[in-house]
Amino acid sequence: MELVLPPKKKRSGLKTLRNWGIFLFLTVMYIWTFTGIDIDWGRAFERMINNFQRVIPKLFNPEWASIGKVWTAMVETLYIAFAGSLMAAIIAIPLGFMAAQNMTKSKVLTTFGKWVLSGIRAFPDLILAILFVVAVGPNPFAGVLAIAIGSTGMLGKLYSEVLESIDMNIVEAMEASGANKVQILFHGVIPQIIPEFLSYAIYRFEIDVRASTILGIVGAGGIGTLIQFAQMNRNWEEMGLILLVIVVVVTIIDFLSASIRKRIV
Amino acid sequence: MKLEEQKSAPSLLPAKTKARISVIFAAVIGFYILSTVKTGATIGDLLDGIPNMGRVIVKFFPPNFNVFVHIIEPLAVTIQMAIIATTVAAFLCIPLSLLAAQNVTSNKFVYTFVRSFLNILRTIPDLVLAVIFVGLFGIGVLPGILALIIFSLGILAKLISETIESVDMNPMEAMSASGANTLQKISFALIPQVLPQFVSFVLYVFEINIRASVVLGLVGAGGIGIVLSQQLKFYNYPNAMLIILVIFVLVVVIEYISTKIREAIV
C-alpha cells in the first residue's frame, strides 16, 4: 500500500487576494520601518562596552544607605496611587451609568459618554501628568490628578460594561410592581454591580501603583523623582535600590489585590 | 408574639458581616484622608488649584499648527520604534511562552522559574528600563527599542502562555497516539489553535507600545517625547499642545484600527 497525504483544502479566490493584500501591506510597513529608523550600531556598541562595567554590576549592588529616602518616596507613591484610584473609582460611577445603554435610555447621551471615556483613555498617564504639573506645579498633587483622570477612562468603560451585562429581569419586575427609580437603583441595580465594581477598582489600583512610580520623572511626585535624580547623577547603586523596592512593592500589591479580588467575585 | 418589638424590618446582613464591612470601609476612608493630606490633594487644595489651572491651561491654546511639519519625522520614528519592538517581542515570546505553559513544559522547576522571571519583568516600569538602557547605550532610538522589547515581552509571554494553557489537548493526544513527533504536534495541533489569539495579543501589545513609545523620549530614548520635553522646557506651550494633540490622534487611530482587526480575527 502506498502512503498518500490527504488532499489540501482549496482556498477561495477572495481569501487568496486578502492574504496577498496583508502580505503586501506588511512588506511595505517593514521596508518603511527599517529604512526610516536610524541606529548607529557601531557607536552604540562602543558605548555599551565602555559603560557596561559602570552600570550593570552597580545595579545589582544596591546602595542600602539611602533606603530611608527611597522608602519615604515609595510610600508617597502609594499615597498618590491610592488617592488617585479612589477619586477615579467615584468619578467613574456617573460616567459609567451615562455610557451604559440599559441605564441611559437616550442614545445620544450613551454615545457621548462612550466618546468622553475613550477620549480620556487615549491620553498616556505621563502626558496628563505633564499637563497637571504645568497647571498646579511640580508636586504630588499633580500626580494624584493625573492618576485620577487617567483611571477614570478605563474604570468608566469597565463599569458601563458591567452595567450593560446585569440581569434586567429584576429591574423590570420591580418596575412592574411599582418601584420608583431610586428604589430600583438601590435594590435592583446596585446589589448586582457592587462586587464587580469593587474588583475593577482594586485592579485599577494595581495598575496605578505601577503608573505612579514613574510620574516623578516629569515632576509629579513619588519615587520617580529619585529615578530622575539618580539618572542625572549617574548613581546606579541608588537606581538598583529603587528598582528593587519597586519590584518588591509592586509584587506584594499585585498579590494582595489578586487575592482580595478572588474573594470578592 | 409581640408585634411592637419588630418595628423595623430585620437587616438583610448578619451583624458580623456588617461590622466587617464597616471596619473595611473606615480603613479605606481613613487611608484616603491620610493620602490626600500627605499628597496635598484635599478638596480645599483642589478648589484653590482650579483658578490657577484655568490660567495655565489657557496658555496652551491655540495649539501652534505650523510646527506640524517639524514633528512628522519624530512621529514616524515613534511608530517605527513600536513596530520593531513589537515584532522582536513577538518572536522572542514564542519560546518563553511555551516554557511558561504548564501543559507544554512538564518540568515543574523550569515552568515556575520562567513564570517568576516573567512576573518580575512585568513589575519594572518601561521608563525605568529606558533610563537604564540610555545609561548603557547613550541617547538614541536603540535604548528605547530595547526597553519596549523587554517591557512588552513580559506582557506578551504571559498572555500567550495562558492561551496555550487553555487549548484543547485532545488533538495533541490523538497525534501522539498516531505517532507524530513534537515538532509535528506543535505545527498541526497547537499553532492552528493559538494563532488567532496570538495575532490579537500582538496587536494589543502594539497598542501598548505606541503609548509607551510616545513618552520614552522624556528620558532621552528617542521618538516624539524628546521634542515634547524640549518644548516644555522652553515654556513653548502652544507647540507642546500641538504635539500632545498629535499623540492623542495617533493613539486613537492606532487603537481604532487594531480593535477592528482584533474583532475580525477572534
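The coordinates are above.
Everything quoted here is computed from the prediction, not taken from an experiment. (Residues numbered from 1 in each chain as written. Chains lettered and ligands numbered in written order. Predicted model: local features only at pLDDT ≥ 70, side-chain atom pairs only at ≥ 80, totals over all residues. Heavy atoms only, no water.)

1. With respect to the overall build of chain B
Of regular secondary structure, chain B possesses 10 helices and 0 strands. Going from the N terminus to the C terminus, chain B shows its helices and strands as α-α-α-α-α-α-α-α-α-α. Computed over its C-alpha atoms, the radius of gyration of chain B comes to 26 Å, more than 25% above the 18 Å expected for a compact globule of 266 residues. Viewed in the frame of its principal axes, chain B has a C-alpha envelope of about 85 × 75 × 35 Å. For chain B, the proportion of its 266 residues judged to be buried stands at 47%. Across chain B, every contact between residues at least 6 apart in sequence was considered, and the portion connecting residues at least 24 apart equals 75%. (Helix = DSSP H or I, 4+ residues; strand = E, 2+ residues; numbered from the N terminus. Rg over C-alpha atoms; globule rule 2.2 N^0.38 Å. Buried < 20%, exposed > 50% of the residue type's maximum accessible area, 1.4 Å probe, protein only. Contact = heavy atoms within 4.5 Å.)

2. Remarks on the interface of chain B and chain A
Contacts between chain B and chain A engage 57 residues on the former and 58 residues on the latter. Carbon and sulfur atoms make up 80% of the area that chain B and chain A hide from each other, which totals about 5100 Å². On the surface where chain B and chain A come into contact, there are 0 salt bridges. At the boundary of chain B and chain A, one finds 4 residue pairs in polar contact (both at pLDDT 80 or more). A per-class count over the side of chain B that touches chain A returns 41 nonpolar, 10 polar and 6 charged. (Buried area = accessible area lost by both parts, 1.4 Å probe. Salt bridge = Lys/Arg side-chain N within 4 Å of Asp/Glu carboxyl O. Polar contact = N/O pair within 3.5 Å; in protein donor to acceptor, adjacent residues only side chain to side chain. Nonpolar A, V, L, I, M, F, W, Y, C, P; charged D, E, K, R; others polar.)

3. A short note on the pattern of salt bridges
All names here are of chain B. As enumerated under the stated definition, the model contains 12 salt bridges over all chains in all. For R262, the salt bridge identified is with E207, shortest N-O distance 3.1 Å. Separated by 55 residues along the polypeptide, R262 in helix α10 (residues 237-265) and E207 in helix α8 (residues 182-216) bring together distant segments of the chain. Of the residues examined, R262 reaches a relative accessible area of 22% and is grouped as partly exposed. Between R211 and E255 there is a salt bridge; the shortest N-O distance is 2.8 Å. Of this pair, R211 sits in helix α8 while E255 sits in helix α10, and the two are 44 residues apart along the sequence. We classify R211 as partly exposed; its relative accessible area is 21%.

4. Some remarks on a nonpolar patch on the surface
Residue and element names in this part refer to chain B. Residues I191, L195, V199, V249, V253, Y256, I257, I261, I265 and V266 make up a contiguous nonpolar surface patch of about 840 Å² in total accessible area. Examining the composition of the nonpolar patch, we find that 6 residues originate from one element, α10, more than from any other. In this structure, I261 sits in helix α10. (Patch = residues over 30% accessible without salt bridge, like charges linked within 9 Å, V, L, I, M, F, W, Y side chains within 5 Å. Areas by Shrake-Rupley, 256 points an atom, 1.4 Å probe, with all protein chains shown as cover.)

5. Re the packing of aromatic side chains
Tallied over the full model, the rule gives 10 aromatic pairs over all chains. Ring plane angle 85° and centroid distance 5.8 Å describe the contact between F82(A) and F205(A), whose orientation is recorded as edge-to-face. Of this pair, F82(A) sits in helix α3 (residues 67-99) while F205(A) sits in helix α8 (residues 181-214), and the two are 123 residues apart along the sequence. Take F82(A): its relative accessible area is 14%, and that puts it in the buried class. The buried category is assigned to F205(A), whose relative accessible area is 17%. Arranged with centres 6.3 Å apart and planes meeting at 75°, the rings of Y235(B) and Y237(B) form a pair that is edge-to-face. Take Y237(B): its relative accessible area is 10%, and that puts it in the buried class. Three or more aromatic residues joined by ring pairs form one cluster here, namely Y79(A), F82(A), F205(A) and F31(B). (Phe/Tyr/Trp six-rings, centres within 6.5 Å; stacked < 30°, edge-to-face > 60°.)

6. Concerning the nonpolar core
Among the nonpolar cores identified, the biggest contains 142 residues, and I223(A), I145(B), L156(B) and L228(B) are the most heavily contacted of them. With sequence-adjacent residues up to four places away left out, I223(A) is seen in contact with V70(A), A73(A), M74(A), T77(A), T213(A), I242(A), V245(A) and I246(A). The next biggest cluster of nonpolar side chains, apart from the first, holds 17 residues, and it includes A100(A), V162(A), V171(A) and F197(A). (Core = buried A, V, L, I, M, F, W, Y, C linked by side-chain atoms within 4.5 Å.)

7. Brief notes about the environment of S152(B)
Residues and elements named next belong to chain B. Mapped onto the elements, S152 comes out in helix α6 (residues 141-165). According to the relative accessible area criterion, S152 is buried, its value standing at 1%. Here the alpha-carbon distance between S152 and A89, two residues 63 residues apart in the chain, equals 6.5 Å.

8. Concerning the side chain of S160(A)
All names here are of chain A. Relative to the helices and strands, S160 is located in helix α6 (residues 140-164). Since its relative accessible area comes to 2%, S160 is described here as buried. Within the structure, the side chain of S160 is placed 2.8 Å from the backbone oxygen of K157, a separation counted as a polar contact. In this view, S160 contacts G96, A99 and A100; residues no more than four positions away in its chain are not counted.

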